[in-house]
Amino acid sequence: MKIQIINGPNLNLLGVREKSIYGDSSFETYLAGLKQRYPQHQIDYYQSNVEGELINKLHEVGFSFDGIVMNAGAYTHTSVAIADAIAGINTPVVEVHISNVYKREEFRHVSMLAKNCKGVIAGFGMDSYRLAIESLTV
Ligand code: DQA
C-alpha cells in the first residue's frame, strides 16, 4: 500500500522541542524504524510549517495513495482550509497526535479536521503514527 505521512507546523523540531511532551526522538529516526517494520508498504514523508503547502500535498497524493496519516499540529484546531482539503480528496486520512490532546489546554480539545477523517489516534507518543498505519492497512 502507498501511505503518506504528513506532519504540520513545528513537528520538524521533534526531538528538540518540548521533550517532556513530545519525546526525544527526531521524526527521521522514528521513520527509519517504521520503514523497516513495514517493508511491504511504501511510506512517504512530508513536513511543512506552511498551511497551503500541507493542502497542496493532500491534493497531490489524495487521489492516488491508499492512506494518509496526518498530524496537522496546531492547524488541527484552527484550519477550515485543511478540513476542506481532507473532505475534497478520495484517500482516507487518519488524524494523529503524539500527545493526548484531551489532557492538555482546552483549545486543543477541538479538532476542525476529525469529522472529515477516518479516525483519530492521540496520546500514544510516536507510536500514534504506527497505530494509524495499522488502522489503514488492516
Ligand atoms: C500535536 C498536538 C497539537 O495541539 C500541537 O499544536 C502540536 C502537536 C501532537 O502531536 O500532540 O503541534 O498535534
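Residues numbered from 1 in each chain as written. Predicted model: local features only at pLDDT ≥ 70, side-chain atom pairs only at ≥ 80, totals over all residues.

## Re the site of the ligand
Keep this limit in mind: We count a residue as near a molecule or strand when its backbone-placed C-beta atom lies within 6 Å of that partner. Polar here means any residue outside two lists: the nonpolar Ala, Val, Leu, Ile, Met, Phe, Trp, Tyr, Cys and Pro, and the charged Asp, Glu, Lys and Arg; Gly therefore counts as polar.
Surrounding the ligand, one finds Asn10, Asn71, Gly73, Ala74, Thr76, His97, Ile98, Ser99, Val101 and Arg108. Residue composition of the shell around the ligand, by class: three nonpolar, six polar and one charged.

## What about the UniProt feature "site: Transition state stabilizer" (unreviewed entry) in the chain?
Inclusion rule: UniProt positions are given in the numbering used here, feature names are shortened, and annotations may be inferred rather than shown by experiment. Helical segments are the DSSP runs of H or I of at least four residues, strand segments are the runs of E of at least two, and each set is numbered from the N terminus. Residues with at least 20 neighbouring C-beta atoms inside 10 Å of their own are called buried, those with 12 or fewer are called exposed, and the rest are partly exposed, where every C-beta is derived from the backbone. The contact criterion used here is simple: two residues whose C-beta atoms, placed from the backbone, lie within 7 Å are in contact.
Following the UniProt record, one finds the feature "site: Transition state stabilizer" (unreviewed entry) at Arg17. Within the fold, arginine 17 resides in the loop between β1 (2-7) and α1 (19-22). The exposure class of arginine 17 is exposed, given the 12 C-beta atoms found within 10 Å. When residues no more than four places from it in sequence are discounted, the contact partners of arginine 17 are Asn10 and Tyr22.

## A word on the nonpolar core
For clarity, the cut-off: Note on definitions: a nonpolar core is a set of buried residues drawn from Ala, Val, Leu, Ile, Met, Phe, Trp, Tyr and Cys, linked by C-beta atoms within 7 Å.
Membership of the largest hydrophobic core comes to 27 residues, with the highest contact counts inside it found for Val69, Ile82, Ile86, Val94 and Ala132. Counting residues per element, the ones that place at least two in this core are β1, α3 (51-61), β3 (67-71), α4 (80-88), β4 (93-97), β5 (119-122) and α5 (127-137). Contacts of isoleucine 86, omitting those with residues within four sequence positions, involve Leu58, Val93, Leu113, Asn116 and Cys117.

## Quick look at the UniProt feature "binding site: substrate" (unreviewed entry) in the chain
In the numbering used here, UniProt assigns the feature "binding site: substrate" (unreviewed entry) to Asn71, His77, Asp84, Ile98, Ser99 and Arg108. The annotated residues occupy 38 residues of the chain and do not converge on a single region, their most distant C-alpha atoms lying 24.2 Å apart. Within the secondary structure, asparagine 71 sits in strand β3. Every residue in contact with asparagine 71, bar those within four places of it in the chain, is listed here: Asn7, Gly8, Leu11, Val96 and His97. Along the chain, the position of histidine 77 falls in the loop between β3 and α4. Filtering out sequence-adjacent residues up to four positions away, histidine 77 remains in contact with Phe107, Arg108, Val110, Ser111 and Met112.

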